[in-house]
Structures are given as structure tokens and as C-alpha cells.
Amino acid sequence: METVAMLEQEGNRIRLRAMTMTNHSGLGHTGGDLSSADILATLYLGRILNVDPADPHWPERDRFILSKGHCSGAFYAALAARGFFPVEQLKTFMDPLSKLNGHPDRNKLAGVEANTGVLGHGLPIAVGAALAARMRSEPWRVFVLVGDGELQEGSNWEAAMTAQQYDLDNLVVIVDRNRIQQGDFTENTIRMDPMAPKWAAFGFAVEEVDGHDHAALLELFGRMPLQPGKPTCVIANTIKGKGVSFAENKPAWHHGVPTSEHLAAAAKELGVEVML
Amino acid sequence: MSVGDATMVEAVKLFDCRDAFSKTLEALAAEDSRVCAVVNDSLSSTKLKDFKAQFPSRFVNVGIAEQNMVGVGSGLANGGMVPYVCGASCFLTARAMEQVKVDLAYSNSNVKLCGMSSGMAYGQLGATHHSIEDLAWTRILPNLSVIVPADPDETAQAMRYSLQHVGPIFLRISRMPVRAVHPEGYKFELGKAALLRDGDDVTIVANGVLASRALDAADALAAKGIAARVLNMSSMKPFDSDAILDAARTTRGIVTVEEALTAGGLGGAVAEVLAVHHPAPMRILGVPGVFAPTGSAEFLLEHFELTATGIENAALNLLGAEA
């Protein structure tokens, strides 16, 4: 199958798996799972990330940090699809003593680089990892996916200043710009526009992309860094709840839990079957 | 030294433990290319100017940004480095506590957190700059080891140990001048109390800058015929419960003394052990649930009776109350 078509299908599989997991656990973050699914599919299944599921702690691997740790459903589905653990294990999402915590735990699950879930932590950690690569003169890169509402946490901007000061062109920040946070649209809460000039002002090379266009994502991630000597910021314009009409652009679906009827409708719209 | 010199009264040498800290860190960096330092604009207060000069590529200054600093430390550890994250303890712990909890303790990151000028060392600067909460905050966190060295030798040994230890450690390093309290040949061991002086009437448990005052109190008690045992509990976590239980069984009570709030710190740790396993009389000396006023560090220690006399009086009170 052609890569882009394959990624479209994988993105939708991630979506349906994440929704099925949330249906199973009764808790989850459907809206963000669905907005980030195509980005995760491109990074992991489009082989942008140089990682090895057989040797998850390989020192020279690329690091991916899910700063918006609440989107663990989509993240776990992507890690399983990439082979870090059996897809079967997704059924244990949030079960008692499961390795699939509500938010990722690197000490429990292969492929998780950082314990996230509290917002504003991923970017500083990513900056530290990028500095480590620099100190060790190693070529690996660090990708970090942040939420747009998450950027209201000041620690992100502290880290952005460090990335600029140290010319970390081995760092790629991806903003999942779905425009909705837990309680409302970002612009009704704390305005985050204009997004690109913020990052440019903090010294990043910035490019916007349709976060659901796999061809565009592949092409863009294939030419990192955007500018030698500068950290990169990719603003992925996404739709919260993307791919499932009843959830799209609805703040209530931030942590909405799909029913069995929702799952059946979603499967139909996404054109994939539940494979858990 | 000639026989005659031995009779001369020697001025007691006092040390700033930050010197032992920074010199040891330089030595560790020379031996191990994974060692790096992260500071928050605190180049001079951490005494790392020489480190920066020798290892510029392994020195990161994140500016005035403590939350970011701790996260950067966690990321450096993820990338195979062993970062020493250094800043004034008041800012490092209070400002970045969520990062300490999640990025270091919960993640079990191999980061060494160095809280400098802890306690009331910044006396006159006031409660914003005092770090008397940090013992309680740090010692309750799973995975995080906590060390409060008492003198330069122990500071250097704790630093050397920290590099071999895989996992997060909080080192609480004062700038208040202290004298050497350990005998020659002392070996620091994480999780072990150091017996500075034996005695079977009462036990004084101290750490950090107050260890020498505990020894002075024991001298004063000895002059009154009271044999005080002095334990340096530099290892706040893991905690040497056995040494505490032994003290409870073989002496008549325990006085704890710390340059910290009396709630949740050294006294709290001792009380937790005693309450469950062997209740014994206690006195807990420290800052009693208030923000300290302004005044020099020495003044504040006097103000809160964290002195040889204050410790002596607490011991006498305990023994009298128990009789």
C-alpha cells in the first residue's frame, strides 16, 4: 500500500483503538487522542522516528516525548502498532495495576521516554535530552508533542528560551493546535493566537501544517531541522475529535467517553474495524 | 608537629561546604564524561565558575527558571548524562516541587539535585530566601534519596557517592561555616547514621550545620556527668531506623535538632519510627512552625535556641521530665 494511504488507515486505527480503550476504562481523552492520531501515525509508522522496538533503550534512538500525556490512548495505540508491545495489551488500559496508566509511565512501558500528565513538563525534558545529544556529540533528535492549551503553562516558555540560547536544532516541538482545552475553546479561555509569531519570537524556525495531511506531515518531518542552528516548531493545525463527526470541535469531547453505539458509528465513519 | 605544638590552642578551622561540593564536582567531571552541571543563573552562589571554565560544554545555565531547570536535568539524564542540578535550595525546591516530584522522583531519573545555601543561611534576606521547608518536602517523595552533609569531608564523600548511585538524590548543602565533625577515616554510607560520640544517658540526633553544636552540647552535658550519644543523621532518606531504635532502647530519650521547620523533617522522621516501634521521650528542636524573622544566620540559630546551650537544655529537660 502506498505510504500515505497506509498512514491514513493507521491514523484511523489509532483513533478507533483509543476510543475503544476509553470505552473500556470509562476514562480518557477522546478529543485530543483524535486530534493527535495522524501526527503519531506519521512519526511512528511513517518511520520518522529512528527507534527500535526490539531495543527500546538503545542510547542513540530518537526521543519522542508526549507532553500532553493525557492523550495516552492514542500514544499507546501508536506504540503498539509500531511494535513496542502487543496490541492485545491495549485492552488493559487503566485496569488495576496495568502498565498502561492513565498517563504514561516510562518505568512501566517500553517506548515511553518521560512520565507526563502534568502539563508543561515535556518541553523542558525534551530540551534536556537535546542538550545531552549535543554534549555527547550524537546525532539523535528529540520530538515533543505539546497541546495548545498546555502552552499556557509558563515552564514551556522557560524551556523555549533555553532551546534558543543553546541553538538546539536537534529539537522539534510539535504543537497540536486543536484550539480546544478542557473547558472551552482556547480563544475563549486564554487566547493563544497568534501562535506562529510567538515561537518565532522565541527563536524557533516555525512552519504550519495541516495536522491531518499525512503527505504534508511526512514531507515536513523529513526536512528537520527547518533551519540549521535553530530549534524547530511545527504548528500542526488539527481538529479536536477529528474523524468522528459527533466529536469534532466539541469541547465536551475533551474527555468524553464513547458508548458502544458511539464506537459502532465511529468505526463506520473511520472505515476501520476494532482490533483489540 | 613537635610536642610543644600539641599544647598550643589551635583556632578551630571553619569551612564552607560549597567549596568541597564544587571541587568534588570538578573532580567527578574530570573522571566521568557523563557528569554535567545545570544552574539557574547561580554561577557564583553555587561556586561553579571553575567548573564552567574547565567543562564549558557540560555546563548549562537555563537562566532564572527553576521549573525548566529540573525538567532539563531529567532530560539530560534520559540522554545518558548525569546532571548535577544546582541552585539555592529555597528556589530549587519550592519553585520546582512538581518537577522534583514528577520528573525526578516519580520518573526515577538519575539526577542529582543540589540545594545550596539551605536552612537559614541567607538569614537577613528573610523568609523568601530561607529554605526550612525543604527537608519535609523532599524526604516524603518515593525514590528520592536525601542527604544533609555536616562537614566538608562528608560533603565530598556524599558527592562521590551520588555519582555511583543510580537514581535521584537531593543534596542539601549549606554555606554556613562549619568545622569538621567526623574522625579521620570516616566513611559516609547512605542510609546509615554516623556515631559522632557514644553515650548511654540521652541521644542527640542532628545533621548539617547543627552537628557540631550537638557535639558541643554533649561536651557541656559531660561536664554535668551526663553521657550523651551524638548521631549525625546526614542520610535523611533512606533513614537509619535501626540507629534510632537502638538509641531509644539504650538511652533515656532522643533530642533532635535541625535547621528546618520542626514539622516533617528530622524530628518528624525520628518520631515516625519511635511512635510505631518503640515510643520514647523526645524533644524536637528546629524552627517551630513560623517563618523566621530577619537577622543573620547566627542570630536566627540563637533566636530559635539552635545552639549548644539550647540543645543541652532540651536534653536536661527531657531527662528531668522523664525521671
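On a predicted model such as this, the values are computed, not experimentally measured, just so you know.

With that settled, the discussion passes to the overall build of chain A. The helix and strand inventory of chain A stands at nine helices and five strands. In chain A, the succession of helices and strands from N to C terminus is α-α-β-α-α-β-α-β-α-α-β-α-β-α. Taken over the C-alpha trace, chain A has a radius of gyration of 17 Å; the compact-globule value for 276 residues is 19 Å, and the two agree within 12%. Overall, chain A is about 50 × 45 × 40 Å in size when its C-alpha atoms are taken along their principal axes. The buried share of chain A, taken over its 276 residues, is 55%. Expressed as a percentage of contacts within chain A between residues at least 6 apart in sequence, the contacts between residues at least 24 apart total 75%.

Here we come to the overall build of chain B. If you tally the helices and strands in chain B, you get 13 helices and 12 strands. Computed over its C-alpha atoms, the radius of gyration of chain B comes to 19 Å, within 12% of the 20 Å expected for a compact globule of 323 residues. Overall, chain B is about 60 × 55 × 35 Å in size when its C-alpha atoms are taken along their principal axes. Counting across all 323 residues of chain B, residues that qualify as buried make up 57%. Pairs at least 24 residues apart make up 79% of the contacts formed inside chain B by residues separated by at least 6 positions.

This brings us to the domain arrangement of chain B. Residues and elements named next belong to chain B. Taken domain by domain, chain B consists of domain 1 (17-173) and domain 2 (194-322). Just the C-alpha atoms count here: the centres of domain 1 and domain 2 sit 26 Å apart. Contacts between the two partners involve 22 residues from domain 1, matched on the other side by 29 residues from domain 2. Where the side of domain 1 that touches domain 2 is concerned, the elements lending two or more residues are α7 (134-139) and β5 (145-147). Across the side of domain 1 that touches domain 2, the residue classes break down as 12 nonpolar, six polar and four charged.

To continue, consider the nonpolar core. Counting 186 residues, the largest nonpolar core has I204 and A214 of chain B as the members making the most contacts within it. In terms of residues, this core owes the most to one element, helix α4 (residues 122-135) of chain A, which gives 10 residues. Composition of this core by domain shows at least three residues from each of domain 1 (17-173) and domain 2 (194-322) of chain B. Here I204 of chain B is in contact with A214, A217, A218, A228, V230, V255, V257, I311 and A315 of chain B, once residues within four sequence places are set aside.

Residues and elements named next belong to chain B. For helix α11 (residues 266-277), built from 12 residues, the straight-helix expectation of 16 Å at 1.5 Å per residue is met to within 8% by its first-to-last C-alpha distance of 17 Å. All of the buried residues along α11 are L266, G267, G268, A269, V270, V273 and L274. Packed against the buried residues of α11 are α7, β8 (202-206), β10 (235-237), α10 (241-250), β11 (254-261) and β12 (282-287).

So, about the environment of E10 of chain A. All names here are of chain A. If you trace the backbone, E10 turns up in helix α1 (residues 3-25). Judged by the 24 C-beta atoms lying within 10 Å of it, E10 falls in the buried class. Considered as a pair, E10 and L40 are 30 residues apart in the sequence and their alpha carbons are 9.5 Å apart. In this structure E10 touches A41, L45 and A81, once residues within four positions along its chain are discounted.

Residues and elements named next belong to chain B. Pairing is mixed across the open sheet formed by five strands, whose spatial order is β7-β9-β8-β11-β12. Taken across any chain shown, the strands that pair with only one partner, and hence form the sheet edges, are β7 (194-197) and β12. When strand polarity is set aside, the average angle formed by the axes of neighbouring strands in this sheet is 25°. Here β8 runs beside β11; their pairing, made up of four bridges, is parallel.

Residue and element names in this part refer to chain B. Interaxial distance between helix α4 (residues 66-78) and helix α6 (residues 97-106) falls to 9 Å at its minimum, and their mutual angle equals 5°. In this view, α4 runs roughly parallel relative to α6, as classed from their interaxial angle. Counting all contacts with α4, which are made through Q67, V70, G71 and S74, the residues of α6 involved are Q99, V100, D103 and L104. Broken down by class, the residue content of the contact of α4 with α6 amounts to three nonpolar, four polar and one charged.

All right, on to the interface of chain B and chain A then. A common way to report how large an interface is uses the accessible area buried once the components associate. Listed per partner, the contact involves 26 residues of chain B and 25 residues of chain A. For the side of chain B that touches chain A, the secondary-structure elements that each account for two or more residues are α4 and α6 of chain B. No other element matches the nine residues that α4 of chain B contributes to the side of chain B that touches chain A. Of the residues assigned to the side of chain B that touches chain A, the class counts are nine nonpolar, 14 polar and three charged.

Attention now moves to the pairing of strand β4 (residues 205-210) of chain A. Residues and elements named next belong to chain A. Looking at chain direction, β4 and strand β5 (residues 232-237) are connected through six bridges and run parallel. Its bridge partner lying in β5, V209 is registered against A236. Where the polypeptide runs from β4 across helix α8 (residues 214-221) and back to β5, its parallel neighbour, the crossover connection is right-handed.

Okay, unusual backbone geometry next. Going from M224 of chain A to P225 of chain A, the amide bond is cis rather than trans, its omega being -5°. Tracing the backbone through its elements, the reader meets P225 of chain A in the loop between α8 and β5. The omega torsion of the bond from K237 of chain B to P238 of chain B falls at -5°, within 30 degrees of zero and hence cis. In this fold, P238 of chain B is placed in the loop between β10 and α10.

Definitions and cut-offs
In every chain, residue numbers begin from 1 and rise along the written sequence. By the order in which they are written, chains take letters starting at A while ligands take numbers starting at 1. The model is predicted, so local features are restricted to residues of pLDDT at least 70 and side-chain atom pairs to those at 80 or more, both for listing and for counting; the totals for chains, interfaces and linings are taken over all residues. Numbered from the N terminus, helices here are DSSP runs of H or I no shorter than four residues, and strands are runs of E no shorter than two. Every radius of gyration here is taken over C-alpha atoms, with the globule rule written as 2.2 Å times N^0.38, N being the number of residues. Exposure classes come from backbone-placed C-beta atoms, where a residue is buried if 20 or more other C-beta atoms lie within 10 Å of its own, exposed if 12 or fewer do, and partly exposed in between. The contact criterion used is a C-beta to C-beta distance within 7 Å, with each C-beta placed from the backbone. Throughout, the edges of the domains are those of an automatic or database domain assignment. Note that Gly is not counted as nonpolar here; it falls among the polar residues with everything else outside the nonpolar set of Ala, Val, Leu, Ile, Met, Phe, Trp, Tyr, Cys and Pro and the charged set of Asp, Glu, Lys and Arg. To form a nonpolar core, buried Ala, Val, Leu, Ile, Met, Phe, Trp, Tyr and Cys residues must be joined through C-beta atoms within 7 Å. What a helix should span is 1.5 Å times the count of its residues minus one. Strand pairing is assigned whenever DSSP identifies at least 2 bridges connecting the two strands. All axes are obtained by fitting lines to C-alpha atoms, using only the stretch in contact for helices, and the reported angles, taken between N-to-C directions, cover 0 to 180 degrees. Should an angle fall under 35 degrees it is taken as roughly parallel, and over 145 as roughly antiparallel, whereas 65 to 115 is taken as roughly perpendicular and any remaining angle as oblique. Here is how to tell: hold the view so the strands point away, follow the path from the first strand over the helix to the second, and if it runs clockwise the crossover is right-handed.

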